[in-house]
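Read off the chains here:
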Amino acid sequence: MQIEYERSGCKQFLKKHKNEVQLIKSLIAKALTTQIKTGMAKVKRAASERISGHCVYECRVNLKKMGSVRVAFVIISDQQVMVLYLSSTLQKDEFTHLLEHNLKENRYSAT
């Protein structure tokens, strides 16, 4: 599965953990692949808006010694996922607020 990272929503988190970027990306890829293959039981809608016709989802991913992170993403196709936002903010309502602010700032077209 191909996983792309939207620069503006992921840059800050990845920069903070620049020595572990490869580990972070591999753990996120593994978690998202597993969730998609098993019916997304631990995945929730992250925002009411759609991005280019796709629902925005979120789930928590354990990054081992770095702790847990919430990941907002869209499923573009069976083999392609776009991670829109990463945050160590674990409370759902606060994460949703930060995500929606990021989406508006980056002028995603809600459809």
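Relevant structure appears above.
Residues numbered from 1 in each chain as written. Predicted model: local features only at pLDDT ≥ 70, side-chain atom pairs only at ≥ 80, totals over all residues. Heavy atoms only, no water.

**Structural notes on the packing of aromatic side chains**
- Summed over the entire model, instances satisfying the criterion amount to two aromatic pairs.
- With a centroid separation of 5.8 Å and an interplanar angle of 50 degrees, the aromatic rings of Tyr85 and Phe95 are classed as tilted. Of this pair, Tyr85 sits in strand β5 (residues 80–87) while Phe95 sits in helix α3 (residues 92–105), and the two are ten residues apart along the sequence.
- Look at Phe95 and you get buried, because its relative accessible area is 0%. (Phe/Tyr/Trp six-rings, centres within 6.5 Å; stacked < 30°, edge-to-face > 60°. Helix = DSSP H or I, 4+ residues; strand = E, 2+ residues; numbered from the N terminus. Buried < 20%, exposed > 50% of the residue type's maximum accessible area, 1.4 Å probe, protein only.)

**Observations concerning helix α1 (residues 7–16)**
- What α1 keeps buried is the set Gly9, Cys10, Phe13 and Leu14. For α1, the angular spread of the buried residues around the axis is 100 degrees, confining them to a single face. Among the exposed residues of α1, those oriented more than 90 degrees off its buried face are Arg7, Gln12, Lys15 and Lys16.
- Looking at the buried side of α1, the elements it contacts are β1 (2–5), α2 (21–37), β4 (68–77), β5 and α3. (Arc of directions from axis to C-beta. Contact = heavy atoms within 4.5 Å.)

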